[in-house]
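# Chain and residue survey
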Amino acid sequence: MDLQNKVLEIHRRLCALYHCPISYFHALDPLSELVSSLLSHRTRNADSGAAFKALRARFPEWAEVAAAPLAEVEAVIARVTWPEQKAPRIQAILRAIEAERGTLSLDFLEGLTVEEARAWLERLPGIGPKTSAAVLSFSTLRRPALPVDSHHHRVAIRTGLIPANLAVGPSHRVLAAQLPSDWDAQHIYDNHEVLMLHGQRCCFHRNPACSRCPLLELCPAGQALHGSGAIPHGLATS
Ligand code: SF4
């Protein structure tokens, strides 16, 4: 099976397993989605969701977060991982947006192409391809942009969609280019969601459940695991 057909077949099988179309989990405006994404890095959903709500309750306007004493912001988001890093980063990003746009809103991204919008976002301090794609895909913009998290990345490597030495950052462009150019935002979102869910629920970092995986016959790592009992060196990703 060539790569293009393999991508589509993996998508088809995982969509059947996880019931596409997958409902969007947020309906936040793009700036709120950006803050939510920054809070969620390496943090359980329940904790980042609670921190986001606490931030909105304490500071109803994003301008208030930008102007607040750093220690206060850090205390409000204390439930997330690394609040001491995330608080100053959020404030720096909010201030950068206000300085460049004259207002605290990212609604203008709707008028840009996906590539232009991602490039604009990635010029902000600490914003990479995963966050730029998340803002465009998960927010009310609902644009066709593919985020890649660590679960998605692990499944993509093990199934042979990308080489084992391709890091998460550069894998965004490679994995997005493998998807049909006429797919809409929902299809792109579904692709990310099903690969991520598969990493969370079956293709575990340690001890992937290959015997019940619908991708086994397509998956070099799964085949090797069945043959030898161990994920081959280089495919044992995070
Ligand atoms: S066969 Fe195993 S290694 Fe391959 S995707 Fe499925 S669970 Fe992961």
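A brief report on the enclosed structure follows. Predicted, not measured: the structure shown is a model, and the values here were computed from it.

### Observations concerning the side chain of T131
Mapped onto the elements of the fold, T131 is located in helix α8 (residues 129-138). Residue classification places T131 among the buried residues on the basis of a relative accessible area of 15%. Every residue in contact with T131, bar those within four places of it in the chain, is listed here: L34 and S37.

### Some words on unusual backbone geometry
Of note, the bond from C20 into P21 is cis; its omega dihedral lies within 30 degrees of zero at 0°. Its location among the elements puts P21 in the loop between α1 (3-18) and α2 (30-40). For W82, which is not a glycine, the phi torsion comes out positive at approximately 55°. Position of W82 relative to the elements: it lies in the loop between α5 (70-76) and α6 (83-101).

### A short note on the site of the ligand
Lining the immediate environment of the ligand, one finds R158, T159, C203, P208, C210, C213, L216, C219 and G222. Mapping the ligand onto the cavity grids shows that it belongs to the largest cavity. Its residues assigned to classes, the shell around the ligand shows six nonpolar, two polar and one charged.

### Digging into the nonpolar core
Counting 36 residues, the largest nonpolar core has L34, L39, L55, W62, L94, I97 and L121 as its most contacted members. Of all the secondary structure elements, the ones that give two or more residues to this core are α2, α3 (45-58), α4 (62-67), α6, α7 (114-122) and α8. With near-sequence residues (within four places) excluded, I97 lies in contact with L31, L34, G102, T103, L104, S105, L106, W120 and L124. Within the second largest apolar cluster, 30 residues are counted, among which are A156, I157, L197 and C213.

### What to know about the pattern of salt bridges
Counting across every chain of the model gives seven salt bridges. Here R79 makes a salt bridge to D47, at a shortest N to O gap of 2.8 Å. Here the residue R79 occupies a position in the loop between α5 and α6, and D47 occupies one in helix α3, the gap between them amounting to 32 residues. Taken together, the salt bridges that share partners define one network made up of E9, R12, R13 and E217.

### Some thoughts on empty space enclosed by the protein
Going through the model one piece at a time under the given rule, you end up with two cavities of 30 Å³ or more. Among the secondary structure elements, those contributing two or more residues to the lining of the largest cavity are α9 (150-158) and α12 (220-228). Here the residues of the lining of the largest cavity are counted per class, giving twelve nonpolar, three polar and one charged. One number sums up the size of the second largest cavity: a volume of about 50 Å³. If you go around the second largest cavity, the residues you meet are V7, I10, H11, L161, L175, Q178, L179, N191 and L195. Those elements that place two or more of their residues in the lining of the second largest cavity are α1 and α11 (185-201). Ranked by residues supplied to the lining of the second largest cavity, first place goes to α1 with three residues. Here the residues of the lining of the second largest cavity sort into six nonpolar, three polar and no charged.

### Some remarks on the environment of A224
With respect to the helices and strands, the residue A224 is situated in helix α12. Relative accessible area serves as the criterion here: at 26%, A224 is assigned to the partly exposed category. Sequence separation of A224 and P163 is 61 residues, and the distance between their C-alpha atoms is 16 Å.

### Details of the layout of surface pockets
Looking at the largest pocket, its volume works out to about 1,200 Å³. Those elements that provide at least two residues to the lining of the largest pocket are α2, α3, α6, α8, α9 and α11. Grouping the constituent residues of the lining of the largest pocket by class yields twelve nonpolar, 18 polar and eight charged. In this model, the second largest pocket occupies a volume close to 490 Å³. Taken together, 18 residues line the second largest pocket, and the ones lying closest to its centre are V114, E115, R118, R173 and A176. Elements with a minimum of two residues in the lining of the second largest pocket: α7 and α10 (168-177). Looking at the lining of the second largest pocket, its residues break down into eleven nonpolar, three polar and four charged.

Rules used in this analysis
- Residues numbered from 1 in each chain as written.
- Predicted model: local features only at pLDDT ≥ 70, side-chain atom pairs only at ≥ 80, totals over all residues.
- Heavy atoms only, no water.
- Helix = DSSP H or I, 4+ residues; strand = E, 2+ residues; numbered from the N terminus.
- Buried < 20%, exposed > 50% of the residue type's maximum accessible area, 1.4 Å probe, protein only.
- Contact = heavy atoms within 4.5 Å.
- Near = heavy atom within 4 Å.
- 1 Å grid on protein atoms, 1.4 Å probe; cavity = no way out; pocket = protein on both sides within 12 Å on 5 of 7 lines; lining within 4 Å.
- Sits in = over half its atoms within 2 Å of the grid points.
- Nonpolar A, V, L, I, M, F, W, Y, C, P; charged D, E, K, R; others polar.
- Core = buried A, V, L, I, M, F, W, Y, C linked by side-chain atoms within 4.5 Å.
- Salt bridge = Lys/Arg side-chain N within 4 Å of Asp/Glu carboxyl O.
- Points joined across faces, edges and corners; volume = space filled by probe spheres on them.

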